[in-house]
Amino acid sequence: MANAPGQSFIVDAFTDKPFAGNPAAVCILNEEKPLAWLQQIAAEFNLSETAFLQQIEGNRWHLRWFTPICEIKLCGHATLASAHVLLHELHFPYSDIVFYTLSGDLQARACESGIKLDFPRVPCSAMNTEPADIAALKLHQLGSYYAGEDIILELASEEAVLNYQPDLAAIARIAVRGLIITARSATDERDFVSRFFAPRAGVDEDPVTGSAHCSLASLWSEKLGKKTLRAAQLSARGGVLDLIVHPDRVDLIGSCVTLLQGELKHNLF
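Keep in mind the model is a prediction, meaning the values are calculated, not measured. (Residues numbered from 1 in each chain as written. Predicted model: local features only at pLDDT ≥ 70, side-chain atom pairs only at ≥ 80, totals over all residues. Heavy atoms only, no water.)

### With respect to unusual backbone geometry
With a phi close to 60°, phenylalanine 14 is a non-glycine residue in the positive phi region. Residue position: phenylalanine 14 is located in the loop between β1 (6–13) and β2 (22–28). (Helix = DSSP H or I, 4+ residues; strand = E, 2+ residues; numbered from the N terminus.)

Shown next as structure tokens:
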């Protein structure tokens, strides 16, 4: 089709094996598209996030992320998937990439253990009093924190995180992007675990949430006195992230597996 939008990929992010980690759609655009078109494509893919890339010049790209129902300001796994597509599928001749996003400039760089993302560090602040809609979850948390667009509830154990049965209607009543539950790891193989729920954004449970680790890294770095951390997200698919915490930034390190490559055929507008 003449002037077709461009190539598209489905990539499993924060994993080194297929059908694990967090799947993201990555679409390469040849020209700017209307918001409604981008949202329809994201709804058609129906993954937790779809990334849209448009080249500016050289290694600089515009990047936007959409859930099936809305645009979001920051997404880690779809950024990792986007960098993977550019570096390892399309073989652009750069070792690093700069993405221009709603959260500012984000950098991605190939490294020995995968791809390293340079993301903003999100500070956490303890809640003095829990709002009623959080108390209604009855999670018996050790601590409650505001964390950018999300809230974090620290539970007593990894088992409590793994076995939590979410009340999605109750979570959706909390006026935040998402609810993060977390706990110290039960093994020496990693430092902490988490799960992420965002029903207000159309994502009941996200398999692996890179952006949530901008605040989780900040929280657990302070709790454990460590700057280098390994994290696992205990969704059904599961995923692993390596984190390096800096004063104002967090490095998210992970791998990807490409499952599908195709071409968008219809402009619709």
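### Some details on the pattern of salt bridges
Per the counting criterion, the structure on display carries 13 salt bridges. Linking arginine 60 and glutamate 57 is a salt bridge whose minimum nitrogen-to-oxygen distance equals 3.0 Å. Among the residues examined, arginine 60 registers a relative accessible area of 28% and is labelled partly exposed. Note that arginine 249 and aspartate 118 form a salt bridge whose closest N and O atoms lie 2.9 Å from each other. You can see arginine 249 sitting in strand β17 (residues 249–254) and its partner aspartate 118 sitting in strand β8 (residues 114–120), a full 131 residues away along the chain. Under the relative-accessibility criterion, arginine 249 is labelled partly exposed at 26%. A relative accessible area of 22% means that aspartate 118 is categorised as partly exposed. (Salt bridge = Lys/Arg side-chain N within 4 Å of Asp/Glu carboxyl O. Buried < 20%, exposed > 50% of the residue type's maximum accessible area, 1.4 Å probe, protein only.)

### Quick word on the pairing of strand β12 (residues 178–184)
By the criterion of burial, β12 is predominantly enclosed, with six of the seven residues buried. As paired strands, strand β11 (residues 150–154) and β12 are joined by five bridges and run parallel to one another. Its bridge partner lying in β12, isoleucine 151 is registered against leucine 179. In this sheet, strand β13 (residues 192–198) lies alongside β12 in antiparallel orientation, the contact comprising six bridges. Note that in β13 the partner of arginine 184 across the bridge is phenylalanine 192. (Pairing = 2+ DSSP bridges.)

Any functional reading would require information beyond the geometric quantities listed.
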